[in-house]
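# Summary of structural features
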Amino acid sequence: MAVSAALRRLRPSPRLRFAAAAARVSYGSASAAAVAVELGRVEDMNRRIAELAAEGRVWDARRLFDGTPDRNVVAWTAMVSAYARLGMLQDALALFDRPDARRNVVTWTALLSGYARARRIDEAEVLFQRMPERNVVSWNTMLEAYAAAGRVGDACTLFDRMPVRDAGSWNILLAALVRAGRVDEAHELFQRMPGRDVMAYTTMVAGIARYGNVDEARGLFDVMPNRNVVSWNAMISGYISNRRMDEALDLFMKMPWRDIASWNIMINGFIQNKDLKRARELFDTTPERNVVTWTTMMNGYLQGMQSELALGLFNGMLTEGIRPNKVTFLGALDACSNLVVLCEGQQVHQMICKTTFQFDTFVESNLMNVYSKCGEIGLARKLFDLSREKDLISWNGIIAAYAHHGAGIEAIRLYDKMQENGYKPNDVTYVVLLSACSHSGLVDEGLKIFESMVKDRSVEVRDEHYTSLIDLCSQAGRLDDAKRLIHYLKIKPASGSVWSALLGGCSANGNVSVGNLAARRLLEAEPDNAGTYTLLSNIYASAGKWKEAAQIRSEMNNRGLKKQPGCSWIEVANKVHVFVSRDKSHTESDLINSLVQDIHHMMRLAGTVPTDSMLVDDEMAI
């Protein structure tokens, strides 16, 4: 009893027991709430990592990632995917291979996609084989990697191994076969497709039109259950590539709706068919123009040798607030180079300096060409010397600049320096070198360069090289050597540029016999070239053979051929002055002609004026 009483005294009263229980409940609730808050905070941090990574803010995402104690698979996948998407594959792999990494099939596929995008196919294959689990996206990623790399055979093999396929799988392989020109296999695959969607139909229409029969493509287009604007554009492009512009325009007019690409395709089609007038009409009626629209029209004018209109379009584009791209800038520089306008070229250069294109080798090469054509060889050289990364394009550009100025010795020195820096010359290098030697009269040096080119098996000798070689000998008066070279090299009459170079040398040196041969061969290649008749007539006139010269003129008139008058221009005080033969429309024409007569008189006194017969015939040629 005493013990029992003692034990009862040690037990807490009901009130105390209730208080303790309440305390325990209160403490437990507080712990659960704290845990819930902590879990919520961690989830928010993982979610935020994924958001930052998706936005491309990879550095911010990584800082938060490193500071998060409990990173889930979503965070790991987001980081690996962001690195892979930005091409930072070394960082992606380092994170992926960490011992504490949390990965699932999405993580593996993200890294695989990075390798595929970077065309590192061998590494993609190894990773694909390592994957513990693959879904249809994984298979499609590897399939797309093979297709993008042109490994169509491997793509076909992988496609046959796929345990399950979706519409994307079929379309990837179908597009790969079409790009490779394997239209028959593509058509067979198309027939096997369980559900042909608009993408599949469009791919086949484009492929058949490009590599097969455009009428067959139109037949498939007409039976398409559904069409989108891409389908219409593909069919129109098919007609254009087959030079059937009327049908392309007819289909364009029938389109239920058009996007900017539709207008751009048609404008480019007219340009390809050398119909600049209709291209410009379409350009002017386009409801919306983007940088591609403006650049396409600009390049059309450049191809049509209308550089002034091209440069005017470039200025109009800037007025409209359209931001030029690299191709636009290259076109503007070509226009400045063709027009030899230094001020405009410098303005374009200033705009380029505010973009990332300033370090592009093609852009730098074109800038060097502009400065060289405008007589600023020093600026061209300075631009070359300041170039961060010189490549073969840069070297060829500066060699061409010196060639254009007749500085053959310096061009050869740069050629030697280029090789010392580990750059191997290509076909363009040899063209500009031979041209430099021709302009500088360095015949022996040019022959050595041509010989070294022939020995270089990696370079294909083209008509441009033969033309430069013949021009080299012809301009130096070594016409018999040029004639022997043509015979030795077995150059066909179709090589018009070669015979034109020989004829030009004959005209400069008054060689009638070789000139007559060159002219006749050139007329076989280009029967309607008015310049050939003019040069041959000048050669006869310079030799005093007026009867033969008159016969050539008569034959030229009978064919209805007329040589375009000579034209030149010069930029003075930011204004371009254009001069055409016998044109007196310039406001200062009397003063200019008077000055020319004074210069002519001084030249005659110095003994550097051509003979009277040549002067008379030059007047006839105009």
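Because the structure is a prediction, the values reported are computed rather than measured. (Residues numbered from 1 in each chain as written. Predicted model: local features only at pLDDT ≥ 70, side-chain atom pairs only at ≥ 80, totals over all residues. Heavy atoms only, no water.)

### Thoughts on helix α24 (residues 392–404)
- Along its 13 residues, α24 runs 18 Å from first to last C-alpha, staying within 8% of the 18 Å computed at 1.5 Å per residue.
- For α24, the set of buried residues is S394, W395, N396, G397, I398, I399, A401, Y402 and A403.
- The inward-facing, buried residues of α24 abut α22 (361–373), α23 (377–386), α25 (408–420) and α26 (427–440).
- At the N-terminal boundary of α24, the capping side chain belongs to D391, with an oxygen 3.1 Å from the backbone nitrogen of I393.
- Once α24 ends, the next one or two residues include G406, with phi positive near 70°. (Helix = DSSP H or I, 4+ residues; strand = E, 2+ residues; numbered from the N terminus. Expected span 1.5 Å × (residues − 1). Buried < 20%, exposed > 50% of the residue type's maximum accessible area, 1.4 Å probe, protein only. Contact = heavy atoms within 4.5 Å. Polar contact = N/O pair within 3.5 Å; in protein donor to acceptor, adjacent residues only side chain to side chain.)

### A few points about the side chain of R381
- Structurally, R381 is set in helix α23.
- For R381, a relative accessible area of 18% corresponds to the buried category.
- A polar contact is formed between the side chain of R381 and the side chain of Y402, at a distance of 3.1 Å.
- Filtering out sequence-adjacent residues up to four positions away, R381 remains in contact with I398, Y402, E410 and L414.

### Description of the nonpolar core
- Formed by 151 residues in total, the largest nonpolar core has its most connected members in M142, M266, I398 and I399.
- Of the residues forming this core, the biggest block, 8 residues, is contributed by helix α4 (residues 73–85).
- Those residues within four positions of M142 in sequence are excluded, and the remaining contacts are L112, I121, A124, E125, F128 and L158. (Core = buried A, V, L, I, M, F, W, Y, C linked by side-chain atoms within 4.5 Å.)

### Some remarks on the packing of helix α16 (residues 260–272) against helix α18 (residues 291–303)
- Between α16 and α18, the shortest axis-to-axis distance is 10 Å and the interhelical angle comes to 0°. One finds that α16 runs roughly parallel with respect to α18. Residues I260, N264, I267, N268 and I271 of α16 form the contact with α18, whose participating residues are V292, T293, T296, M297, G300 and Q303.
- For the contact of α16 with α18, the class distribution of residues is 5 nonpolar, 6 polar and no charged. (Axes fitted to C-alpha atoms, helices over the stretch in contact; angles between N-to-C directions. Parallel < 35°, antiparallel > 145°, perpendicular 65-115°, else oblique. Nonpolar A, V, L, I, M, F, W, Y, C, P; charged D, E, K, R; others polar.)

### Re the UniProt feature "repeat: PPR" (unreviewed entry) in the protein chain
- Taking the numbering used here, the UniProt-annotated feature "repeat: PPR" (unreviewed entry) corresponds to residues 72–102, 104–138, 166–200, 228–262, 290–324, 391–425, 426–460 and 529–563.
- Secondary structure over residues 104–138 splits into 74% helix and 0% strand, and the C-alpha atoms at its two ends are 12 Å apart. (UniProt positions renumbered as here; feature names shortened; annotations may be inferred.)

### Here's the deal with the pattern of salt bridges
- Taken as a whole and judged by the stated rule, the model has 28 salt bridges.
- Here D100 and R98 are joined by a salt bridge, their closest N and O atoms 3.1 Å apart.
- On the accessibility criterion, D100 (37% relative accessible area) is partly exposed.
- Overall, the relative accessible area of 25% leaves R98 in the partly exposed class.
- Across the pair D427 and R462 runs a salt bridge whose closest N-O atoms are separated by 2.9 Å. (Salt bridge = Lys/Arg side-chain N within 4 Å of Asp/Glu carboxyl O.)

### Description of a nonpolar patch on the surface
- Taken together, the side chains of L595, I599, M602 and M603 define a hydrophobic patch exposed on the protein surface, amounting to about 370 Å² of accessible area.
- Its place among the elements puts M602 in helix α34 (residues 589–606). (Patch = residues over 30% accessible without salt bridge, like charges linked within 9 Å, V, L, I, M, F, W, Y side chains within 5 Å. Areas by Shrake-Rupley, 256 points an atom, 1.4 Å probe, with all protein chains shown as cover.)

### Regarding the environment of T107
- Within the secondary structure layout, T107 lies in helix α6 (residues 105–117).
- Other than its neighbours up to four places away in sequence, T107 contacts V73, T77, V80, F96 and R102.

### Quick word on α16
- Over its 13 residues, α16 runs 18 Å from end to end, which matches the ideal 18 Å to within 8%, given 1.5 Å per residue.
- Along α16, the residues classified as buried are S262, W263, N264, M266, I267, G269, F270 and I271.
- The secondary structure elements touched by the buried residues of α16 are α14 (229–241), α15 (245–254), α17 (276–285) and α18.
- Backbone geometry just after α16 places K274 at a positive phi near 60°.

### Considering the confidence of the model for the protein chain
- In the predicted model, the protein chain carries a mean pLDDT of 82, and 80% of its residues have values of at least 70.
- For the protein chain, per-element mean pLDDT is lowest for helix α1 (residues 2–10), which scores 38, and highest for α18, which scores 96.
- Contacts of residues 611–622 to residues separated by more than four positions or lying in other chains number 23 contacts, the stretch itself having pLDDT below 50. (pLDDT = per-residue confidence, 0-100.)

### Notes on the environment of E344
- Here E344 shows up in helix α21 (residues 342–352).
- Counting along the chain gives 26 residues from E344 to V370, while the straight-line C-alpha distance between them is 10.0 Å.

### Side note on the packing of aromatic side chains
- One pass over the structure, following the stated rule, counts 13 aromatic pairs.
- Residues F96 and W108 carry aromatic rings whose centres are separated by 4.9 Å and whose planes lie at 90° to one another, so their mutual orientation is edge-to-face. Taken as a pair, F96 in helix α5 (residues 89–96) and W108 in helix α6 lie far apart in primary sequence, 12 residues in all.
- Under the relative-accessibility criterion, W108 is labelled buried at 8%.
- Among the aromatic side chains, those forming a connected cluster through ring pairs are F314, F329 and F357.
- When the ring centre of F159 is taken as origin, the NZ or CZ atom of R165, which lies over that ring, is 4.2 Å away.
- Sitting over the face of the ring of F221, R227 holds its NZ or CZ atom 4.5 Å from the ring centroid. (Phe/Tyr/Trp six-rings, centres within 6.5 Å; stacked < 30°, edge-to-face > 60°. Lys NZ or Arg CZ within 6 Å of the ring centre and 35° of its normal.)

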